[in-house]
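Topology and contacts: notes
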Protein chains: 2
Amino acid sequence: MQYLSHERLISLNITTPEILNALEKLLRDQAAGKAHAAPKTMIVPGDGRYMMATLSTSDEPPFMATKTVLLNQENSAKGGDAINASITLTHSQSGETLAVMDGNWITGVRTAAASVLAARYLAKKDAAVVAFIGCGVQAHSHLNMLADLYPLTTVHALGKGAKNRDVLCDAARAMGFEAVASENAQQAVEGADIVVSSIPLTSQAAPFIDASWLKPGAFIASTDSCLPWMNESLGIFDR
Amino acid sequence: MQYLSHERLISLNITTPEILNALEKLLRDQAAGKAHAAPKTMIVPGDGRYMMATLSTSDEPPFMATKTVLLNQENSAKGGDAINASITLTHSQSGETLAVMDGNWITGVRTAAASVLAARYLAKKDAAVVAFIGCGVQAHSHLNMLADLYPLTTVHALGKGAKNRDVLCDAARAMGFEAVASENAQQAVEGADIVVSSIPLTSQAAPFIDASWLKPGAFIASTDSCLPWMNESLGIFDR
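Residues numbered from 1 in each chain as written. Chains lettered and ligands numbered in written order. Predicted model: local features only at pLDDT ≥ 70, side-chain atom pairs only at ≥ 80, totals over all residues. Heavy atoms only, no water.

Going by what an unreviewed UniProt entry lists, chain A is known as Ornithine cyclodeaminase (EC) and is assigned to uncultured Thiotrichaceae bacterium.

In structure tokens:
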């Protein structure tokens with residue numbers, strides 16, 4: 001059994017196209033009954049923590065993956081990560097435990113890959129402006145993957161806290177893009193070719209993005225169950 | 001992070017009373033809201049395999065446990081175990097991955113401990129005859145634990161296959177008990193102080209144990225959702 005740490009996973013230099021192709025294969029296998037995912041199971045103890053286990057399996061490669069996730073905001077107050085995850089990889093025929101992997105790298109990458117895989121089919125190839133509503137882990141992983149596939153020039157960032165927003169803008173500038181801290185959702189969304197919304201699922205905010213502000217042909221990815229989007233404005237989407 | 005193999009877990013020589021006390025503490029903590037278990041999540045691909053993940057957490061000790069289970073009967077045809085499991089142990093506050101443990105030892109021990117803990121409150125202290133309906137992993141783990149707590153003299157064994165039944169009888173004799181391969185369920189159950197039923201959950205057999213065959217004061221433990229017990233006879237139990 002091997003342990004794949006965060007550093008080890010990073011050092012493998014897995015490329016965005018490799019990740020997208022792997023995810024697309026799994027989704028096609030799932031449609032063909034050769035890969036399966038179970039409903040997540042969770043514990044909400046009532047003290048602010050959120051615990052989750054997910055289970056999925058594939059025939060080829062013969063891997064069964066169990067992911068354990070703990071969300072504890074108290075850890076970020078202490079300078080750690082609020083969300084920590086690990087993945088146990090089991091041979092899906094023999095049951096042998098093959099590896100334990102740090103789950104934080106995959107939490108970001110897998111979610112972004114699902115969005116970017118959809119973008120590969122739905123977004124305009126010349127997308128240049130990307131807007132982020134929510135500036136946390138998901139914004140960074142989406143930015144990294146989108147930058148690998150699209151001729152981005154400009155990033156709009158809107159977040160509840162100035163710190164996360166500024167960190168995202170700095171990251172975008174370091175990648176050679178213009179970065180704008182938007183004043184409000186309308187300013188962020190207007191003119192964007194791609195909008196990524198990833199506010200915390202624990203947010204109690206009323207929906208504040210009107211989809212009618214989007215320009216025609218814009219693509220949106222929501223990792224937050226569309227929480228910030230005004231429900232009555234969503235009819236504007238083609239799909 | 002450490003890996004606790006089957007051999008390592010055995011070498012710890014954890015005693016039956018230690019296991020029962022730990023389980024009792026967890027059940028009391030659960031009642032007090034200090035320990036939680038989530039509903040299991042599962043995948044049934046339709047090819048005979050059964051996959052499952054379970055999630056539980058405790059405040060003290062601060063452990064979150066995710067168990068992955070694969071049942072694949074094809075593995076026993078190849079001389080391996082049909083059921084293989086692993087457990088990932090995570091710190092339930094920090095989210096740090098603490099250990100990965102072989103899950104097969106605990107699958108047997110934990111289930112038997114739940115039965116034997118109930119027996120500690122419900123069974124007669126002088127129980128001498130124990131009957132097993134189903135002679136697999138659970139029969140062995142129950143026999144081991146019951147032998148630690150009760151003045152057993154005699155084991156009755158009834159199983160679908162002669163091989164598992166004979167192995168259980170041999171194990172009972174090696175522990176110094178008289179072992180009888182019962183001809184049928186009535187013979188197995190009659191005169192028993194404790195009855196353990198653990199037929200496979202995949203069994204298609206019609207219920208074949210009539211609870212009225214039990215002697216007064218007998219204790220039964222069922223790890224098989226009472227599948228082999230005739231429903232209409234179950235009213236005989238005090239609880």
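After that view of the structure, there is still more to cover.
Take a nonpolar patch on the surface next. A surface patch of nonpolar side chains, about 390 Å² in accessible area, is lined by A:Met1, A:Tyr3, B:Met1 and B:Tyr3. Mapped onto the fold, A:Tyr3 is located in strand E1 (residues 2-4). (Patch = residues over 30% accessible without salt bridge, like charges linked within 9 Å, V, L, I, M, F, W, Y side chains within 5 Å. Areas by Shrake-Rupley, 256 points an atom, 1.4 Å probe, with all protein chains shown as cover. Salt bridge = Lys/Arg side-chain N within 4 Å of Asp/Glu carboxyl O. Helix = DSSP H or I, 4+ residues; strand = E, 2+ residues; numbered from the N terminus.)

A word on the relation of the copies chain A and chain B. Taken as rigid bodies, chain A and chain B are interconverted by a rotation of 180° and an axial shift of 0.1 Å, the fit giving an RMSD of 0.1 Å. Overall, the copies show the geometry of a two-fold rotation axis. Proximity to the rotation axis, assessed at the C-alpha, singles out A:Thr41 in chain A; its C-alpha lies 3.0 Å from the axis. Comparing interface residues between copies, 100% of those in chain A also lie at the interface in chain B; the contact surface is shared. (Least-squares fit on C-alpha atoms with pLDDT ≥ 70 in both. Contact = heavy atoms within 4.5 Å.)

The next subject is the pairing of strand E9 (residues 154-158) of chain A. Residue and element names in this part refer to chain A. For E9, the buried fraction is high: five of the five residues fall into the buried class. Going residue by residue along E9, you find Thr154, His156 and Leu158 tucked away on one face and Val155 and Ala157 tucked away on the opposite face as well. In this fold, the crossover linking strand E8 (residues 129-133) to E9 by way of helix H5 (residues 137-149) has right-handed handedness. Strand direction decides the pairing type here: E9 and strand E10 (residues 178-181), joined by four bridges, are parallel. When the bridges of E10 are listed, alanine 157 appears paired with alanine 181. (Buried < 20%, exposed > 50% of the residue type's maximum accessible area, 1.4 Å probe, protein only. Right-handed = clockwise from strand over helix to strand, strands pointing away. Pairing = 2+ DSSP bridges.)

Turning to the interface of chain A and chain B, a few remarks are in order. If you look at the interface, chain A gives 36 residues, while chain B gives 36 residues. For the chain A and chain B pair, buried surface summed over both sides reaches about 2,800 Å², with 62% attributable to carbon and sulfur atoms. The tally of links from chain A across to chain B stands at two salt bridges. Remark: the boundary between chain A and chain B carries 17 residue pairs in polar contact (both at pLDDT 80 or more). Broken down by secondary-structure element, the contributors of at least two residues to the side of chain A that touches chain B are strand E2 (35-37), strand E3 (41-43), strand E4 (50-58), strand E5 (63-71), strand E6 (83-91) and strand E7 (97-102) of chain A. By residue number, the principal contributor to the side of chain A that touches chain B is E4(A), which donates six residues. (Buried area = accessible area lost by both parts, 1.4 Å probe. Polar contact = N/O pair within 3.5 Å; in protein donor to acceptor, adjacent residues only side chain to side chain.)

Take the nonpolar core next. Ranked by internal contacts, the top residues of the largest apolar core, which has 40 residues, are B:Val130, B:Phe132, B:Leu143, B:Leu146, B:Tyr150 and B:Ile194. With near-sequence residues (within four places) excluded, B:Leu146 lies in contact with B:Val116, B:Val130, B:Leu152, B:Ile194 and B:Val196. Formed by 39 residues, the second largest nonpolar core is a distinct cluster that contains A:Leu9, A:Ile19, A:Leu23 and A:Trp105. (Core = buried A, V, L, I, M, F, W, Y, C linked by side-chain atoms within 4.5 Å.)

What follows deals with the packing of helix H2 (residues 16-31) of chain B against helix H5 (residues 137-149) of chain B. All names here are of chain B. It is at 10 Å that the axes of H2 and H5 come closest, and there the two elements cross at 100°. In terms of orientation, H2 lies roughly perpendicular with respect to H5. Residues Thr16, Ile19 and Leu20 of H2 form the contact with H5, whose participating residues are Met145, Asp148 and Leu149. Considered class by class, the residues forming the contact of H2 with H5 number four nonpolar, one polar and one charged. (Axes fitted to C-alpha atoms, helices over the stretch in contact; angles between N-to-C directions. Parallel < 35°, antiparallel > 145°, perpendicular 65-115°, else oblique. Nonpolar A, V, L, I, M, F, W, Y, C, P; charged D, E, K, R; others polar.)

What follows deals with the side chain of A:Ser115. All names here are of chain A. Locating serine 115 in the fold gives a position in helix H4 (residues 104-122). Within the structure, serine 115 has its side chain in polar contact with the side chain of histidine 142 (distance 2.7 Å). In contact with serine 115, not counting residues within four places along its chain, are His142, Phe219, Ala221 and Thr223.

Let us now look at the sheet that holds strand E10 (residues 178-181) of chain B. Residue and element names in this part refer to chain B. An order of E10-E9-E8-E11-E12 is seen for the five strands of this open sheet, with the pairing classed as parallel. Looking at strand neighbours, the two that pair on one side only are E10 and strand E12 (219-222), the edges of this open sheet. Within this sheet the neighbouring strands show an average axis-to-axis angle of 15°, counted without direction. Against the sheet, helix H6 (residues 162-174) engages strand E8 (129-133), strand E9 (154-158) and E10, with an angle of about 165° to E10.

What follows is about empty space enclosed by the protein. Considering all chains together, one arrives at one cavity of 30 Å³ or more under this definition. If you trace the largest cavity, you find it lined by A:Met64, A:Thr90, A:Gly95, A:Thr97, B:Thr68, B:Val69, B:Leu70, B:Asn84, B:Ala85 and B:Ser86. Of all the elements in the fold, those that place two or more residues in the lining of the largest cavity are strand E5 (63-71) and strand E6 (83-91) of chain B. The residue inventory of the lining of the largest cavity, partitioned by class, reads four nonpolar, six polar and no charged. (1 Å grid on protein atoms, 1.4 Å probe; cavity = no way out; pocket = protein on both sides within 12 Å on 5 of 7 lines; lining within 4 Å. Points joined across faces, edges and corners; volume = space filled by probe spheres on them.)

All names here are of chain B. Their axes nearest at 8 Å, the elements helix H4 (residues 104-122) and H5 cross at an angle of 45°. Classified by the interaxial angle, the pair formed by H4 and H5 is oblique. Like other packed secondary-structure pairs, H4 and H5 cross with a definite hand, here right-handed. Across the interface between the two elements, Thr107, Gly108, Val109, Thr111, Ala112, Ala113, Ser115, Val116 and Arg120 from H4 touch Val137, Gln138, Ser141, His142, Met145, Leu146 and Leu149 from H5. Tallied by class, residues from the contact of H4 with H5 come to eight nonpolar, seven polar and one charged. (Left-handed = near helix turned anticlockwise from the far one by under 90°.)

Moving on, we get to the packing of aromatic side chains. Summed over the entire model, instances satisfying the criterion amount to two aromatic pairs over all chains. Each ring, one from A:Trp229 and one from A:Phe237, has its centre 6.2 Å from the other, and the planes form 70°; the classification is edge-to-face. (Phe/Tyr/Trp six-rings, centres within 6.5 Å; stacked < 30°, edge-to-face > 60°.)

Right, let's talk about the domain arrangement of chain A for a bit. Residues and elements named next belong to chain A. Assigned domains within chain A: domain 1 (2-102) and domain 2 (114-236). Here domain 1 and domain 2 have C-alpha centroids that lie 25 Å from each other. Both faces combined, the contact of domain 1 with domain 2 buries some 760 Å², and carbon together with sulfur accounts for 64% of it. It is Thr16, Leu20 and Glu24 that lose the most area in domain 1 upon contact with domain 2, and together they represent 63% of the buried surface on that side. Counting across the interface, domain 1 meets domain 2 through one salt bridge. Taking the shortest distance from any N to any O, the salt bridge between arginine 120 and glutamate 24 comes out at 2.8 Å. Linking domain 1 to domain 2 there are five residue pairs in polar contact (both at pLDDT 80 or more). Split into classes, the residues belonging to the side of domain 1 that touches domain 2 amount to four nonpolar, two polar and two charged. (Domains from an automatic or database assignment.)

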